[in-house]
Amino acid sequence: MRSVSGGRGKAVSRTGVRAVPAKKRAPSKIAPGRRRAVADRSFGRRNERPASALTRWVEEMREGSFGMRPFTIATVVLIVGVGLYGLFVGGHVSSAAREVAFQGNRVLALAGFSVEDVTVTGRTHADPQALLAAVGVSRGDPIFAVDTEAARQRVERVDWVKSATVTRLLPHAIRIDVVERQPFAIWQRGGMLSVVDADGQPITDDNVQSYGNLPFVVGFGGARNAHDILDLIQQTQPQLLSRVRAFVRVGDRRWNLRFENGVDVKLPEVGVEKALADLVALDQTYKILSRDIESVDLRLPDRVSVALTADAVAERGDALAARVGDKSGGAKSSGGAIGAVKAGFVSSGGNT
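Residues numbered from 1 in each chain as written. Predicted model: local features only at pLDDT ≥ 70, side-chain atom pairs only at ≥ 80, totals over all residues. Heavy atoms only, no water.

Q: What am I meant to see in the pattern of salt bridges here?
A: Per the counting criterion, the structure on display carries 13 salt bridges. In this structure, Arg139 and Glu116 form a salt bridge, with 3.5 Å as the shortest nitrogen-oxygen distance. In this pair, Arg139 is assigned in the loop between helix H4 (128–135) and helix H5 (148–155) and Glu116 in the loop between helix H3 (92–110) and strand S1 (117–121), connecting sequence segments 23 residues apart. The shortest N-O distance in the salt bridge between Asp302 and Arg303 comes to 3.7 Å. Through salt bridges with shared partners, a single network forms among Glu149, Arg152 and Glu156. (Salt bridge = Lys/Arg side-chain N within 4 Å of Asp/Glu carboxyl O. Helix = DSSP H or I, 4+ residues; strand = E, 2+ residues; numbered from the N terminus.)

Below is the structure:
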């Protein structure tokens, strides 16, 4: 049903409300597909995000109005840090870790990871019981509880052992690989005897008499330097080695050679090779190492001093005295005879 008003006729709905024509939208000034300019963006967009908590706190500090929350957080962190420090320093954390590891190793041992066998390789002289004691394990111990590095250090302190390796062989064996020192000489110092290696390191003090075939070295510093003198004699005058009973280190500076018949040959600090050659030449010519001689002093490069034994001095003195007495009509002068002996053979003093 339509109603007609007093003007132009307009469409009226059935409810009596007059229909209003829709307004036309104004054309957009922005080209389709293009964003608005940055200047048109309003608050809340990406370029105007809210400030962070730290920034707000700094701004509040500048203005003189700030809360206690940062100080509270710092206090809590400090208390927690002090507590953790006390736990570590007091050993509570390490004790707890050790207890956990111990219980874990016990469980693994019950599962079959326990020490049932210990093998040793490379051993000739070292005491096997001492090696086992150095490892410090017993049958049934958890195999993961064995500190192989600490065991290695203890094994290397056993007599004869130069180096060692301790290894776990899962699930139930420990292996000890040993490299032993080689005996080189017997060393005497201060009344004590030891078997030493070529580096002068003591090997053992037990059962030294079983190594009587080794060179005998005497004096402090002798073991450390024995290899040099023995190697020199071996290379230059090897025939002397079988006749030398002891190599005596004097003042840790030079050597005396004590021969099997008791003759001491005093070698110099330098020029040892020449002194040995002179000694061999003198022995070949005069047999000085086979006479009644107490010592041969080769310390001076231009002379050789020989000291007779007391018996040889007495016999020679008596012979010279008799000879002088015959020439002087039977008068004997023992003092002049002894003086003649000392003029021919210079008596050496102490070992210097």
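Q: Got a minute to help me understand the sheet that holds strand S8 (residues 244–250) in this structure?
A: Two orientations exist for strands paired in a sheet by backbone hydrogen bonds: parallel and antiparallel. Spatially, the nine strands line up as an open sheet ordered S6-S5-S4-S7-S8-S9-S10-S11-S12, and their pairing is mixed. Each edge of the open sheet is held by one strand with a lone partner, namely strand S6 (202–204) and strand S12 (305–308). Taking each pair of neighbouring strands and ignoring which way they run, the sheet shows an average axis angle of 30°. With three bridges joining them, strand S9 (residues 254–259) and strand S10 (residues 264–266) adopt antiparallel strand pairing. If you follow Leu257 over to S10, its bridge partner there is Val265. (Pairing = 2+ DSSP bridges. Axes fitted to C-alpha atoms, helices over the stretch in contact; angles between N-to-C directions.)

Q: Teacher, can you tell me more about unusual backbone geometry here?
A: Note: most peptide bonds trans; most residues except glycine with negative phi. Across the junction of Leu170 and Pro171, the peptide omega takes the value 15°, indicating a cis bond. If you trace the backbone, Pro171 turns up in the loop between strand S2 (161–169) and strand S3 (173–180). Despite not being glycine, Asn207 shows a phi value in the positive range, around 55°. By the secondary structure assignment, Asn207 is in the loop between S6 and strand S7 (216–218).

Q: In this structure, what is going on with the environment of Asp197? I would like to understand it.
A: For Asp197, the location among the structural elements is in the loop between strand S5 (192–196) and S6. Separated by 27 residues in sequence, Asp197 and Arg224 have C-alpha atoms that sit 9.3 Å apart. Within polar-contact distance, the side chain of Asp197 engages the side chain of Arg181 at 2.9 Å. Reaching out from Asp197, the side chain makes a polar contact with the backbone nitrogen of Gln201 at a distance of 2.8 Å. (Polar contact = N/O pair within 3.5 Å; in protein donor to acceptor, adjacent residues only side chain to side chain.)

Q: In this structure, what is going on with the packing of H4 against H5? I would like to understand it.
A: Working note: a packed helix pair is described by the angle between its axes plus the distance between those axes. Close contact between H4 and H5 brings their axes to 8 Å; oriented N to C, the two are set at 145°. Seen from above, H4 lies across H5 with right-handed handedness. Here Leu131, Ala134 and Val135 of H4 come into contact with H5, specifically with Ala151, Arg154 and Val155. Partitioning the contact of H4 with H5 into residue classes produces five nonpolar, no polar and one charged. (Left-handed = near helix turned anticlockwise from the far one by under 90°. Contact = heavy atoms within 4.5 Å. Nonpolar A, V, L, I, M, F, W, Y, C, P; charged D, E, K, R; others polar.)

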